[in-house]
Amino acid sequence: LGLTILLWILIWYSWDENFGKVRKKGDKTNFGLALQMMKRNPSVFWVGTIQAAFEGVMFTFVFNWVPTLQSISPSKLRIPTEVVFSCLMASI
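Residues numbered from 1 in each chain as written. Predicted model: local features only at pLDDT ≥ 70, side-chain atom pairs only at ≥ 80, totals over all residues. Heavy atoms only, no water.

Caption draft 1: Representation of the overall build of the chain. When helices and strands are tallied, the chain shows four helices and zero strands. Helices and strands appear in the chain in the N-to-C order α-α-α-α. Computed over its C-alpha atoms, the radius of gyration of the chain comes to 24 Å, more than 25% above the 12 Å expected for a compact globule of 92 residues. Along the three orthogonal principal directions, the C-alpha set of the chain runs to about 65 × 55 × 20 Å. Residues classed as buried in the chain amount to 3% of the 92 residues present. If the 9 positive side-chain charges of the chain are averaged to one point and the 5 negative ones to another, these points end up 11 Å apart. (Helix = DSSP H or I, 4+ residues; strand = E, 2+ residues; numbered from the N terminus. Rg over C-alpha atoms; globule rule 2.2 N^0.38 Å. Buried < 20%, exposed > 50% of the residue type's maximum accessible area, 1.4 Å probe, protein only. Lys, Arg positive; Asp, Glu negative; His and termini not counted. Charge placed at Lys NZ, Arg CZ, Asp CG, Glu CD.)

What follows is the structure in structure tokens.
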């Protein structure tokens, strides 16, 4: 704990804040540039859409696979979730 506090004090006084680039009025934002890129090249939009859908499915699976296995197993049986998860990751 003492080392953490010491390093926090060191960082607090020695690091400068990074405010990034100052934008002039009328400059496009990164979001605006991204929208412009998607209009010019629709495949960028579709890759992002497919990636978002895949990530949504993966998060749903990750949060639901243990409760689902527990709901279908007999009440006294312990599911070796670490082995199941290792097998799932090896299969990917």
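Caption draft 2: Structural view of the environment of Ser43. The topology assignment puts Ser43 in helix α3 (residues 42–72). In this structure the C-alpha to C-alpha distance between Ser43 and Val22, which are 21 residues apart in sequence, comes to 31 Å.

Caption draft 3: Structural view of the environment of Leu1. As for its placement among the helices and strands, Leu1 is situated in the segment before α1 (2–14). Look at Leu1 and you get exposed, because its relative accessible area is 81%. Taking C-alpha positions, Leu1 is 42 Å from Lys76, a pair spaced 75 residues apart along the chain.

Read these as spatial facts, not as claims about activity.
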